[in-house]
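# Examining the three-dimensional arrangement
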Protein chains: 2
Amino acid sequence: MTNIKDIALHCGVAISTVSRVLNDHPDVSQDTREKVLRAVKELHYIPNTSARNLVRTSSDTIALLVKGVNNPFFARLIKVIGREIAQRGYSLELHHMDTSEDELRIGAQLTNERKLIGILFLGGRFNYSPEEMALIHVPSVFCTYTNTFGNLNPSAYSSVAIDDKQAAQDAVDALVALGHRKIAILTDNKDDRSISELRFQGYKDALAMHGIPFEPNLVACTGTFSDMRAIYEATSRLIERDSSFTAIFAIADLMAIAAIKALSDHGKRVPEDCSVVAIDGLELSSYTLPTLTTLVQPAEEMGLLCAKTIIELIEHPGQNRQYTFETVLRPGGSVCRLNG
Amino acid sequence: MTNIKDIALHCGVAISTVSRVLNDHPDVSQDTREKVLRAVKELHYIPNTSARNLVRTSSDTIALLVKGVNNPFFARLIKVIGREIAQRGYSLELHHMDTSEDELRIGAQLTNERKLIGILFLGGRFNYSPEEMALIHVPSVFCTYTNTFGNLNPSAYSSVAIDDKQAAQDAVDALVALGHRKIAILTDNKDDRSISELRFQGYKDALAMHGIPFEPNLVACTGTFSDMRAIYEATSRLIERDSSFTAIFAIADLMAIAAIKALSDHGKRVPEDCSVVAIDGLELSSYTLPTLTTLVQPAEEMGLLCAKTIIELIEHPGQNRQYTFETVLRPGGSVCRLNG
DNA sequence: AACGATACTGGAAACGTTTCCGGAACTTGC
DNA sequence: GCAAGTTCCGGAAACGTTTCCAGTATCGTT
């Protein structure tokens, strides 16, 4: 493996000069610059990242901490994030986390051990305390987190998200506009300080706004975003417990798909007997039978902004910022007017 | 940031002793070992990976090169791979590639620049030449590649895959057993030296085995594994061109789902008017309407084996090896007996 | 009592960079 | 033709580890 010293020897210059050339420092003549560059080619020199990181006390890799890499919405984000990060010359370290793991603690450990220069969080909670946030010493962006950070000052974090509460309200509004008043909700959890809680809150707010009483009986918790079986079973229990509802609001597309299957298996047709609305806007959801009515999150734009934001924060440390995207309703075949 | 020197000072021992403790070397007394360990805790010492990598002239990160991170089958693999790699103390660098990119060349570049210690390839071609393979100087595992590496000696590569040809044959066999003889195929490409080609080959072999003539007219190419719209359109064109078929074999679950939608939009009911069989076995496919009949790839086991294999190859360089998994048919509602 | 073996420890070089500091050579302005 | 500034370059320290080598103390054997 040829190193910087070999280049220096080969060119008859000092090591420091080679380093200057390699790092585009100004103080080097055109002649020597070319000479060094030529040697670099000839000797197939490849810089040693470890050595560079050691003296710079930093690296070029950004961590991506994902709660559930198999979540298809995240998959879309990861794709664009990966592409942008690579194109800008950084690299991505992927860490899958289970829901029970503490993302902030893991992030802190990772950055210390591995000199990561930034963290992208996908999924997780939102009510971090200032003390918890203080664990993280590098720029970070919370993606798909809501902007409603309970205890935190906006200057304390950066985020890219949709307005989860609003999206949930929009979903319920759409159902109410079709005449539905007995609307069940299919959610991950009610009070886990994640987007689930916010969407649940949006659901309740929308009901209240329309003068519809909230019925705890119509709440089905799946405990998961992606385990279809668990979602199917939660929906089944809901149906068996109280099948008076005429519509379901599912907080994610996959949940809606499993719910439709459960409804069907219980003899309820969608949308004739029960309408279904979800949030996500996966491409897949336009190709199921029936197609899904869903609030579309602009995944590609969001992912790109995540990447751009973390890089900006790394290259020009400055103000934290929060971005909120609008969701738009994509009509599908899973809803219809009540008694219509 | 406290370092190994601080620990040494604090304990009144030499740096080398601390290093020995940290690396579980035998030559150190119980007393000093405990003393050092205590100091490590107290001072919140965290080893510097760059420095360690520098002297060891290697890193601890394995690259994961994925053709299409948004492929849901890959997502399942990535999840278990990520978990295993992390648990074994390594870390994962993720690289998304588009189909047009040359995975081997990118892998070679990456390993040189960044001292990666291994590469996991997900997706891609299979007919690498010995010259191309020679670009890669670190242990690597080709996952989801078929084992049928055209030009390569088995000692030249490691792989974890299903028998793609066999799975395709099984799919067709299942349809034939139900009385179908006009069987269309929905594939990515026919001759791109990827799994698509193998599954296509398996399809043709099965037809031949049953004495069914191969009809080029019944081949629909999507050019993609995951773009639902393109798949839908390819299927639509197939139907409009020649709707004499009574069954479709789709080489991936997502393709089958889009195809069912296209069939439905053209007034063909599944399975009454057309049966559909696919390969993948996504959990999702058991929750669509109708549910999918599909050959299940054991994704979690395959992912785990990928991780274990690459680690084994790294820790104990040795023989390359190829693993083949069996697929099993998961019956669903997307097929029925012809005229039954 | 002397010796070799054993158990443990310290010193120092090495890994491949970056960067600070000082100095040589060359230019400019008078 | 000389001081002052500019441009370019080399030397060397530093980053935080690992590991080799040599050394001391302790112990058991004879």
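Predicted model only: the values in this text are computed from it and were never measured. (Residues numbered from 1 in each chain as written. Chains lettered and ligands numbered in written order. Predicted model: local features only at pLDDT ≥ 70, side-chain atom pairs only at ≥ 80, totals over all residues. Heavy atoms only, no water.)

## Looking at the pairing of strand β10 (residues 293-296) of chain A
Pairing of strand β9 (residues 275-280) of chain A with β10 of chain A involves four bridges; the strand directions are parallel. Among the inter-strand pairings, A278 of chain A is bridged to a residue of β10 of chain A, identified as T294 of chain A. (Pairing = 2+ DSSP bridges. Helix = DSSP H or I, 4+ residues; strand = E, 2+ residues; numbered from the N terminus.)

## Details of the protein's contact with DNA strand C
In the vicinity of DNA strand C there are 29 residues, among which I4, S19 and Y45 of chain A together with A14 and T17 of chain B approach most closely. A share of 63% of the atoms of DNA strand C within 4 Å of the protein falls on sugar and phosphate groups. A distance of 3.0 Å is found between a base nitrogen of DNA strand C and a side-chain nitrogen or oxygen belonging to R20 of chain B. Counting residues per element, the ones that place at least two in the surface near DNA strand C are α2 (15-22) and α4 (49-56) of chain A together with α2 (15-22) and α4 (49-56) of chain B. Per-element accounting of the surface near DNA strand C gives the leading share, five residues, to α4 of chain A. (Near = heavy atom within 4 Å. Polar contact = N/O pair within 3.5 Å; in protein donor to acceptor, adjacent residues only side chain to side chain.)

## Describing the side chain of S50 of chain B
Examined against the element boundaries, S50 of chain B turns out to sit in helix α4. Residue contacts for S50 of chain B: discarding those within four places in its chain leaves S50, N53, L54 and K115 of chain A. (Contact = heavy atoms within 4.5 Å.)

## What about the protein's contact with DNA strand D?
As a matter of local geometry, DNA strand D sits amid 29 residues, with A14, T17 and T32 of chain A together with I4 and S19 of chain B nearest to it. Taking the atoms of DNA strand D that fall within 4 Å of the protein, sugar and phosphate contribute 66% of them. With respect to DNA strand D, the side chain of R20 of chain A contributes an N or O atom lying 3.0 Å from a base nitrogen. Taking T32 of chain A, its side chain carries an N or O atom lying 3.0 Å from a phosphate oxygen of DNA strand D. For the surface near DNA strand D, the secondary-structure elements that each account for two or more residues are α2 and α4 of chain A together with α2 and α4 of chain B. Looking at which element gives the most residues to the surface near DNA strand D, the answer is α4 of chain B, with five residues.

## Focus on the packing of helix α10 (residues 228-241) of chain A against helix α11 (residues 253-265) of chain A
All names here are of chain A. It is the contact of α10 with α11, at a shortest axis distance of 8 Å, that shows an interaxial angle of 50°. With respect to each other, α10 and α11 are oriented oblique. When the axes of α10 and α11 are compared, the crossing they make is right-handed. Across the interface between the two elements, M228, I231, Y232, T235, S236 and I239 of α10 pack against L254, M255, I257, A258, A259, K261, A262, L263 and D265 of α11. For the contact of α10 with α11, a count of residues per class yields 11 nonpolar, two polar and two charged. (Axes fitted to C-alpha atoms, helices over the stretch in contact; angles between N-to-C directions. Parallel < 35°, antiparallel > 145°, perpendicular 65-115°, else oblique. Left-handed = near helix turned anticlockwise from the far one by under 90°. Nonpolar A, V, L, I, M, F, W, Y, C, P; charged D, E, K, R; others polar.)

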